[in-house]
Amino acid sequence: MNKEIKTLSEISHSVDSIPVQNTEPDQEIFRVVGVGASAGGFEALEQLFRNMPEKCGLAFVVIQHLSPTHKGMLGELLQRVTRLKVYTVTDRMKVKPDAIYVIPSNRSMTITNGEFHIFKPIEKQGLRLPIDLFFRSLAEDRKENSIGIILSGMGSDGSLGLKAIKEKAGLVLVQDPASAKFDSMPRSSIEAVMVDIIAPADELAARLITLTTQSDTIGARDEDDKDTSALEKVITLLRNQTGNDFSQYKKSTMYRRIERRMGIHQLNKIASYVLYLQQNPAELDILFKELLIGVTSFFRNAPVWEELKENILPSLFAKMPQKYLMRAWVPGCSTGEEAYSLAIVFREALEKANLNKNISLQIFATDLDNNAIERARRGVFTANICADVSPERLKRFFTKTGELYRINGGIREMVVFAPQNIIRDPSFTKLDFLSCRNLLIYLDSDLQKKLLAMFHYSLVPGGILLLGSAETHGSQGNLFTAVNSKLRIYERSSDPVIEGQAYMPGSSEHNKPDTGKTLQAFPPDNLQTLTDQLLLHQYTPASVLVNHTGDILYITGNTVKYLSASAGKANMNIFAMAKEGLRTLLPKAFQHAMQDYEKIVLESVRIKNNSKTQLTNVSIQQLESPPGLKNKFLVVFTDVPEENHLLKAAIGKSGFKNKLETEFKFEIRRLKDELESTREEMQTSQEELKSTNEELQSTNEELQSANEELTTSKEEMQSMNEELQTINVELQSKVDDSVRIGNDMNNLLESIEIATLFLDNELNIRQFTTPATRIFKMKQSDIGRLFTDQVTDLAYPEMYNDVSEVLRTHRFIEKPVPTLDGRVFNVRIMPYRTFENKIDGLVITFINVTESKKLEHDLKDSRMMFQSFIEELPAGFISLSADGTITSFNREAERLTGYDCDLVTGGNFLNLFLSESLHEIESGMKQLASGAINRLENHIKGINGNEIVIEWFAPKTVKGEGTFFGLMKNF
């Protein structure tokens, strides 16, 4: 039975809220592999499953983008190439290993407790993300036993789902983009998460089997067998490589991440992996990113954001003054989705509250991963965020550019991103809201307590703390009260932090004053150490060790009176932390100290500390030794008593009795010195600015010149482009004409059934018609070969000579040529002329004249028989043509008339034999020829004067030899 769900975001968040407990305790635990593919993915699927063994212990679920009207044939096609059983999923079907499950057409799918759930897609049109949806549910259902594979496809579907699988310690494999027909989905996945394996589709099967087998072998070891010292070595290598300490991370999480990397490299022992890390520093960077996890999404766990919008934020607004800047902190922000979600919900809640107050929000978003911070600052996200962001929010708070969405400027300006190590770096303070979701679960319990105490310190009374679904405030119940315990929303209480709870990152234990209890911790027999420690802590002035940029490396004594952490991005730099009075003098003195190793002393500097003013001598010296401290700077703070001997001497010499006047003189002298120094710096700066301005002007002129050239080039390119377009249209027209003419010629040659052979100037075959294959034994592969190499039926040995002669003289040759099987062809050899009237080969036509030659021969035989017949007639025979010309005259006619046959043949009958009644004879002949009469008689006289009667008739079936036949006899 199909399920109807309103929005895809609701589907995703309903997946997040699905209970992960297995309803069947005896259900077999095995890995489920989600396989996502889109355009060009079928070939990759074939390559993947063709190489998959039948007993692999894995269940595969294929999710593919299909048209709503597409009839699903994927299951049948895959069954042809794999030994695994292929099923098309039905609702509530149970998943089993060693099988392939294919999503049905026009459906979306999730998995819960090993059971598939099918429902109609809610998107009628536009972007659909079935891969992300299934992968998210797979991550929640199978956790570390979930595997995601992305193959060829367009778009970015699957990348968010892979993040969820990665968060649950699952495996991620991606087809190598270079081997994919469409590399958009593989590339988006590689950019989104740290992929475990990237390989061509035909190699993924073997890599997957090796990886899962190796992971099972490693995971089967008992916890006691795991090498604790080797784990500490890994932590040390990570600290040396990245500067980050993972010693307070949960050991179980560390082991899982390390074991997965061991499985990828096929290593069985952590000690072997330690050696591999030492030999391959790049692996340390990969392991570092693995440990960071960095999984997030927009409006994660939708009910939390709905509660913030409807209740939590409006209650905060009501307590705020008329004009107020809210401060929020999102530690572990990853790529920024959480921070941007908070900004969007704040904007919506503020508009809905419709208060007459000027309330704004400043969000500080920090993370340990610099790459994630850079991506967050860009504020550019792939199209698959529509799974979590409603169309209304996309339209209002994002700008779509191609297939990407960019956060709008109004939301982007509310968030400040900065890299920060929450364990080591100072925290933000005076916060109204703090969101730390799914970060504490990766840290051990002691560090969790310290961070919760720090959050209590950072929040103002009544400030809101938001934790992840798997996190609570634990034993720190006195620090926070639950606002909504189900959604993990807490309010900062006003109770003070008890001793042992306070945790300030960046502070050192030696900054705290030692008490008697601390001193008693020293061994009683080491009196020298005890005395040295006492003297150092009670009599040594406060000092800081800094590098050449002012970054603080080490602090000695209590520097609270001189330095303080500023609000905003955490910055352990002496120039940023210097208090008022010291802040303006310190940079100049530091520059002088950098020039040599002489000590620079600032006397009687007035440093404001809250409402009091402290006179302090500040000395700055560049260290030359020992080698480890070379080019470092030591800044020492020494408090000046209110009335020292210098002040008394000054009062005595000047005669002034008013101490306030003397102090003013000291202050005026110091200000004059400072003003003079400032003037010198300003003059130097002005000269540098003038020089820079001249350089900028010169550069600007060059850029203007280059811009003009580029503009001219652009116009030329546009003109050229127009010309090319015109030429292209003309060429296309010519091509169309050529194609049409070529088609006409082919049809003409095929219709007239004349064998034609086209030769080039080297007498190689260029083209031929089909009837030519009945004379020459040719096929298409013979084009380009010499025509004399072909076997022919023609009895024409001099053909090569004739062809060469025509090519030389450009005069055609035509002659009949017989074949070996009795056929006769009229062969015509002509030059091949181009449109430019150039000779470019020959055209040879072969016209079959076998029938006409046969008729000609038969006609010749008939003539001979007819001539023999009339010669044997007993009567005189004469035949006339239509114009009266005598065509036949036999021997009997010679005897009767006395005229010789040769003399009368070809002469006119009317002129030779008739001199009278010509008109009547002509009229009678016409009537006889027209069929008006059947016979005609007339009389002629022979040479001897005898009279002869001729009976004429005109036979209708005889053509050419005579129109009138006449028989002669004596009268």
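Residues numbered from 1 in each chain as written. Predicted model: local features only at pLDDT ≥ 70, side-chain atom pairs only at ≥ 80, totals over all residues. Heavy atoms only, no water.

With respect to the sheet that holds strand E2 (residues 58–64)
Strands sit in the order E3-E4-E2-E1-E7-E8-E9 across an open sheet of seven strands; the sheet is parallel. Two strands lie at the open edges of the sheet, namely strand E3 (85–88) and strand E9 (197–199), each paired on one side alone. Ignoring strand direction, the axes of neighbouring strands in this sheet form an average angle of 20 degrees. Together, strand E1 (31–37), E2, strand E4 (99–102) and strand E8 (171–175) form the strand contacts of helix H2 (residues 41–50), whose direction differs from that of E1 by roughly 150 degrees. (Pairing = 2+ DSSP bridges. Helix = DSSP H or I, 4+ residues; strand = E, 2+ residues; numbered from the N terminus. Axes fitted to C-alpha atoms, helices over the stretch in contact; angles between N-to-C directions. Contact = heavy atoms within 4.5 Å.)

Some remarks on the pattern of salt bridges
One pass over the structure, following the stated rule, counts 32 salt bridges. Asp793 is the partner of Lys777 in a salt bridge, and the nearest nitrogen-oxygen pair spans 3.9 Å. One end of the pair, Lys777, is in the loop between strand E26 (765–768) and helix H24 (799–809); the other, Asp793, is in the loop between E26 and H24, and 16 residues separate them in sequence. Given the relative accessible area of 49%, Lys777 is considered partly exposed. Taking relative accessible area as the criterion, Asp793 reaches 16% and is therefore assigned buried. Connected via shared salt-bridge partners are Lys777, Asp793, Asp821 and Arg823. (Salt bridge = Lys/Arg side-chain N within 4 Å of Asp/Glu carboxyl O. Buried < 20%, exposed > 50% of the residue type's maximum accessible area, 1.4 Å probe, protein only.)

Topic: helix H17 (residues 445–458)
Helix length check: H17, at 14 residues, gives a terminal C-alpha distance of 20 Å against a target of 20 Å (1.5 Å per residue), a fit within 8%. When H17 is considered as a whole, its buried residues turn out to be Leu447, Leu451, Leu452, Ala453, Met454, Phe455, His456 and Ser458. Of the surrounding secondary structure, the elements contacted by the buried residues of H17 are strand E10 (323–331), strand E16 (431–436), strand E17 (459–467), strand E18 (480–484) and strand E19 (489–492). (Expected span 1.5 Å × (residues − 1).)

Re a nonpolar patch on the surface
There is a patch of nonpolar side chains on the surface, built from Ile741, Met745, Leu748 and Ile752 and spanning about 350 Å² of accessible area. Among the secondary structure elements, Met745 is positioned in helix H23 (residues 659–752). When its relative accessible area of 40% is taken as the criterion, Met745 is described as partly exposed. (Patch = residues over 30% accessible without salt bridge, like charges linked within 9 Å, V, L, I, M, F, W, Y side chains within 5 Å. Areas by Shrake-Rupley, 256 points an atom, 1.4 Å probe, with all protein chains shown as cover.)

Quick word on the packing of aromatic side chains
Ring pairs (aromatic) are described by centroid distance and by the angle formed between their planes. Within the structure shown, the criterion is met by 23 aromatic pairs. Relative to Phe60, the ring of Phe49 has its centre 5.3 Å away and its plane inclined at 90 degrees; by these criteria the two rings are edge-to-face. Of this pair, Phe49 sits in helix H2 while Phe60 sits in strand E2, and the two are 11 residues apart along the sequence. Using a relative accessible area of 0% as the deciding quantity, one classes Phe49 as buried. Taking relative accessible area as the criterion, Phe60 reaches 0% and is therefore assigned buried. Ring geometry for Phe298 versus Phe299: centroids 6.3 Å apart, planes at 35 degrees, classification tilted. (Phe/Tyr/Trp six-rings, centres within 6.5 Å; stacked < 30°, edge-to-face > 60°.)

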